[in-house]
Each structure stands twice: as C-alpha cells, then as structure tokens.
Amino acid sequence: MLAYVARFRPDAAPSDENHQYDDVLPLFKSLDLDFSLSSSSSSSSASWDFGHLYPSNPLAVVQPSSAGDVAKVIQLALRSNNLTVAARGNGHSVNGQSLADRGIVLDMKAMEPRIDVFPDAGIVDVSGGALWEDVLRHCVSGHKLCPRSWTDYLGLTVGGTLSNGGVSGQSFLYGPQTENVTEMEVVTGNGDVLICSENQNSELFYGVLGGLGQFGIITRASILLHPIPDKVRWTRLVYTEFSEFAGDAEKLVTLPAEETFHYVEGFVFVNSADPVNGWPSVPLNPTQSIGIPDSASPVLYCLEVALHYNDDDDSHSLIDQRIGKLIGGLRFVHGLRFETDVGYTDFLMRVKRVEDEAKVNGTWDAPHPWLNLLISKDDMAEFDRLVFKNILRHGVGGPVLVYPLLRSKWDARKSVALPESEIFYLVALLRFRSPDGLTVEEMVNQNKEIIEICSNQGMDFKMYLPHYTSMEEWGIHFGNQWPRFQRRKADFDPTAILAPGQKIFPRNWHIKE
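A brief structural summary. (Residues numbered from 1 in each chain as written. Predicted model: local features only at pLDDT ≥ 70, side-chain atom pairs only at ≥ 80, totals over all residues. Heavy atoms only, no water.)

A word on the overall build of the protein
A tally of helices and strands in the protein yields 14 helices and 18 strands. The globule rule puts the C-alpha radius of gyration for 513 residues at 24 Å, and the 23 Å found for the protein is close to it. The principal-axis extents of the C-alpha atoms in the protein amount to approximately 70 × 50 × 45 Å. Expressed as a percentage of contacts within the protein between residues at least 6 apart in sequence, the contacts between residues at least 24 apart total 75%. In the form shown here, the protein has an accessible surface area of approximately 20800 Å², with 49% of it arising from carbon and sulfur atoms. Computing the positive centroid from 44 side-chain charges and the negative centroid from 65, the protein places the two 2 Å apart. (Helix = DSSP H or I, 4+ residues; strand = E, 2+ residues; numbered from the N terminus. Rg over C-alpha atoms; globule rule 2.2 N^0.38 Å. Contact = heavy atoms within 4.5 Å. Areas by Shrake-Rupley, 256 points an atom, 1.4 Å probe, with all protein chains shown as cover. Lys, Arg positive; Asp, Glu negative; His and termini not counted. Charge placed at Lys NZ, Arg CZ, Asp CG, Glu CD.)

Shown next, in the form of structure tokens:
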C-alpha cells in the first residue's frame, strides 16, 4: 500500500483554474492508499528546493515504498489531463528542478531503504532514494569497499545525481557517477517498471543517465565498487597565475592513472582576509598560515589533490617520495603548500562539516543562486579575464570551484550535454547569501551576466545542472543531441508527465514529425 502523505491541495491552483483539477480527487480516492486532506501552507518542504529561489505549490506529496508505488502514481497522472510528477530526493536542486507546481511530488527518500553489497561482483545495489553518505558508510563498514566516483557533497540521493551526472575530483579517472552504473530499475512516464542496462532496454539506460528525470524515475541502481585505502594525503598548492594553475591541473588529469593523483580539483580565492573567499579558506588546519606575495593579483588559484595509501610501516616514506615526484615539476608558489593526512571516509565526508556549520549559522536554509558551467579549456583564459578577475574579483560568498574533466570519460550515448573539447572545466559558483553581501536578485543577475558573456564571446560551454525556460533554449543547450532527446521523451514519457520543474516539455507535448 502506498503511504500517501500530507497534501492534496486544489487551493494550490488559482481559483479560476481549480476546475482543471476537479477530476484529481476522485482519482486519488480510487487508489489503494492512505489518504488525507490538508490546507498546509507553501512552507512545506516539497514547496522549496535547496536554491530557495522559486516557490512551488504541489497538489500532493506521496511517499512511495516501492517501484510499484511509483508506477501507481504515474498511472494516476496518465488518467488526468493536467497532473505532472516530480521525483524529489534530498531536494538539492537550486532552480526548482525537483518541484512540481500543482502536480505530485514523490518523496523518494521514503522508499524502502536498500543497500546490498555483492563483493565478488564488485557492485552495490541501492534504492534510488538512498543517500550517497549512507551508501559510503554501509560499504566501508561491512566490506571495505566503496563506489569509485563521487560528488563533493554526499547528502544527495543516488537517483538524483545519476539523473544529472555526478562529478568530483575522481571523475578524470573513473568518469562521472553516470559512468559507474551497470544496471537500473526505472519507472517510465508510461507507468512501466523496467530493468535497463547496456544490454537490456539500452536506449532507456543511456537516456536516463544524465537525462534530468525526463524519461524515467530511478528506483534502483547497481554501482561499481573498488577497495578503499586506509588514508589520504590531502594537499593544496597556491598559484598566482591562472595559466600555470591550469597547465599543471591539465597535466595531472592526462597522466596515466598509475602516475598521477587519485583526486584533482581546484578553486579560485580572492586576495583578502575574507574567511569565506580569501586566504583563510586555503589552509587545511588552523595551525597553518598563508603568506601571499606582495605582487599577487586580486584573484588567486588553489590546486587541490589527494593520494590514497594504506597505513603500513613503509607507507609514509613511500607516499612522501611519490608526492615529491608528482609535484616536483609543478609551478605553485614556493612555500604555499599545505598538507594533511586523513582517513579515507573523513576525506570523502569533508563537506559534511561545512553543512553542519552552515546549518548552525543559518546560511544552509538561505537562498543559493548557484551557477555551474562546463567550459572548454580553450576558453578558460578568457573566462578568467572576464569573469574571475572582473565580475567575481571580490568572491561570491562561497566556494568557486574550477577543475578540468576529460570528455573521453563520458559516454556520448548518455544524455549529458558537454562542450566539444576533450578537456573542459567545471566552474561552480556555490553562492551563499550573507547579510553584507549581494542581494539574491543581484546574484541571479550576475549569473545571467556571466552566461551572456560566455554566449557573446562564442565560448564552447554548457550549463551543468541546467536551467532554461523555453524549448528554444533547451534546443541550443543540447545542440545536435536535441532530436535524440526529443525522441527519447516521445518513447518513454510521451505526455510529458515527468520532471516538470526542468521546464523542458509542457504537459501533453507531442514530438513534431
């Protein structure tokens, strides 16, 4: 039986549109579910996402316990001319992508938890609503295994990141999380529960991975595992010149796997004492201090790398030798090297501390006008000049990530839109609203200005975790993949029920023949 929770709200629609939803209440009553009515306010958790920019009023919030429950809800929506369905994981989208205004929100974290490790096969079967941090703890504690590819923040659901990409500092080695899946259980917009892989329902498999929730809802996934190391040597290196920072980062991600680090990321910081955007954000522990050269520009760069090792008698001397060899030819500022040794799980959970601090000081629940871009390496010098050193020279009130990825690690049959260049950069402006910083409106407008610069300069770029409001813009975003994306929509969600918050296809859309 479905656990139907919290809300059926015809009042969520304007009064002159309520007649469009008159048929919805009888549909819900026809299902085998626990039913209640509510006039709860828009402060409901399903009315907002992490971005906290766009409020939404769902008609219903449903807590499914199985893929069959998800299918029931979609089949219900198919019987209406207006209902849409959004799968909500941890609600970490930032532009309303996980919302369903006047539709049904599926609380995927309510699904029966499943984390089954198969050590001999090197995979873990997990429910789509499982959090990556729980997957990590379960795999490590019982089996000393873990997934190969991660995101920086692990308080995200498996289904959520697989629907978008899932990138971090390991992606140059193992690809994004979408490249580390062997099989999925998916509920399509037709209400079918299907198993898919490279060899079974392959078009659905490729479409769903990075498909922004447009073709199906992931209810289970099989993820590749590998053995965990004991420790991580975590190192940060400071650069004054972008060209040297970028050149060294690109060198590291293109070396053979056995000759480089296990993790490569980077970030931009400002030449000031600002605790969020300035020098204090660089050292890895409070005992370390940083001295910036007097000649340094207002914007600086930090290359962040990590090397895994096991804690035996010879490991420390060997790790010292290996790191010495790896960084020996790098062009960071002499004396501005910061290192610490941490447990592997602690390293992967490093952002958890930031989350805890943000919840205490109130910034976690504030608006987050984040912007994530994928930009060709050939355009990064111009982006540095026009954006990092100009528009963002005073910081963004949060981290500014910048690091290279390799296109060859992404399967082109999947749905993520990428720049054409083999080497491209993730640029992530992880803004947090502060009382003495820019207003939310100013931050949103600044994001628009940056996108406009990229477009006007003819840069080879794509928005990651994209947000557009017209089909014309989405067509430009997907480029030559757009016809394939539309065909997949027509096959697996022909009436455009799923993921309305992405604003790609209107309800009852039909492909133009």
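Things to note about empty space enclosed by the protein
Counted by the stated rule, this structure contains 3 cavities of 30 Å³ or more. Its volume calculated, the largest cavity comes out at about 80 Å³. Taken together, 13 residues form the lining of the largest cavity, with N164, L212, V416, A417 and P466 sitting closest to its centre. Looking at side-chain class alone, the lining of the largest cavity contains 9 nonpolar, 4 polar and no charged residues. Of the voids in this model, the second largest cavity is the one considered here, and its volume is about 50 Å³. Together, V268, F269, V270, N277, F388, L392, G395 and V400 line the second largest cavity. Of all the elements, strand 12 (residues 263-270) adds the most residues to the lining of the second largest cavity, at 3 residues. A class-by-class count of the residues in the lining of the second largest cavity yields 6 nonpolar, 2 polar and no charged. (1 Å grid on protein atoms, 1.4 Å probe; cavity = no way out; pocket = protein on both sides within 12 Å on 5 of 7 lines; lining within 4 Å. Points joined across faces, edges and corners; volume = space filled by probe spheres on them. Nonpolar A, V, L, I, M, F, W, Y, C, P; charged D, E, K, R; others polar.)

Quick word on the packing of aromatic side chains
Counting across every chain of the model gives 25 aromatic pairs. Taking the centre distance of 5.9 Å and the plane angle of 75 degrees together, the rings of Y239 and F245 count as edge-to-face. For the residue pair Y239 and F245, the accessibility class agrees, reading buried in each case. Taken together, a centroid distance of 5.9 Å and an interplanar angle of 15 degrees make the contact between F478 and W482 stacked. When sorted by exposure, F478 lands in the same class as W482, which is buried. Each member of the aromatic cluster is reached from another via a ring pair, and the members are F215, Y468, W474, F478, W482, F485, F505 and W509. It is R350 that lies over the ring of F347; its NZ or CZ is 4.4 Å from the centre. (Phe/Tyr/Trp six-rings, centres within 6.5 Å; stacked < 30°, edge-to-face > 60°. Buried < 20%, exposed > 50% of the residue type's maximum accessible area, 1.4 Å probe, protein only. Lys NZ or Arg CZ within 6 Å of the ring centre and 35° of its normal.)

Considerations on the layout of surface pockets
By volume, the second largest pocket is sized at about 620 Å³. Lining the second largest pocket are 27 residues; nearest its centre among them are I451, M463, H467, Y468 and E473. Ranked by residues supplied to the lining of the second largest pocket, first place goes to helix 12 (residues 440-456) with 6 residues. Residue classes in the lining of the second largest pocket are distributed as 15 nonpolar, 7 polar and 5 charged.

A few points about the side chain of Q97
Summarising the element assignment, Q97 is placed in the loop between strand 3 (85-88) and strand 4 (104-107). At 2.8 Å, the side chain of Q97 forms a polar contact with the backbone nitrogen of N95. (Polar contact = N/O pair within 3.5 Å; in protein donor to acceptor, adjacent residues only side chain to side chain.)

So, the pairing of strand 10 (residues 216-227)
In summary, the side chains of a regular strand alternate between the two faces of the sheet. Where burial is concerned, most of strand 10 is hidden: 10 out of the 12 residues are buried. Bridging between strand 6 (residues 123-127) and strand 10 involves 5 bridges; their strand directions are antiparallel. From the neighbouring strand, V124 faces strand 10, where its bridge partner is I223. In the sheet, strand 7 (residues 145-147) pairs with strand 10 via 3 bridges, with the strands oriented antiparallel. Of the residues in strand 10, the one forming a bridge with C146 is H226. (Pairing = 2+ DSSP bridges.)

Let's talk about the pattern of salt bridges
By the definition in use, this model includes 25 salt bridges. R488 is the salt-bridge partner of E203, the closest N and O atoms lying 2.8 Å from each other. Here E203 is found in helix 6 (residues 202-208), whereas its partner R488 is found in helix 14 (residues 482-492), with 285 residues between them in sequence. Between R233 and D320 there is a salt bridge, with its nearest N and O atoms 3.0 Å apart. (Salt bridge = Lys/Arg side-chain N within 4 Å of Asp/Glu carboxyl O.)

Topic: the side chain of S149
Among the secondary structure elements, S149 is positioned in the loop between strand 7 and helix 4 (158-162). Within polar-contact distance, the side chain of S149 engages the backbone oxygen of G175 at 2.7 Å. In contact with S149, not counting residues within four places along its chain, are G166, S171, Y174, G175, P176, Q177 and N180.

Things to note about the sheet that holds strand 13 (residues 299-309)
One open sheet accounts for 8 strands, arranged 14-11-13-12-16-17-15-18; its pairing is antiparallel. Looking at the sheet topology across the chains shown, the edges are occupied by strand 14 (337-343) and strand 18 (461-463). If you compare each strand with its neighbour and ignore which way they point, the axes differ by 20 degrees on average. The sheet strands contacting helix 7 (residues 242-254) are strand 11 (231-239), strand 12, strand 13, strand 16 (400-406) and strand 17 (423-429), and the helix crosses strand 13 at an angle near 20 degrees. (Axes fitted to C-alpha atoms, helices over the stretch in contact; angles between N-to-C directions.)

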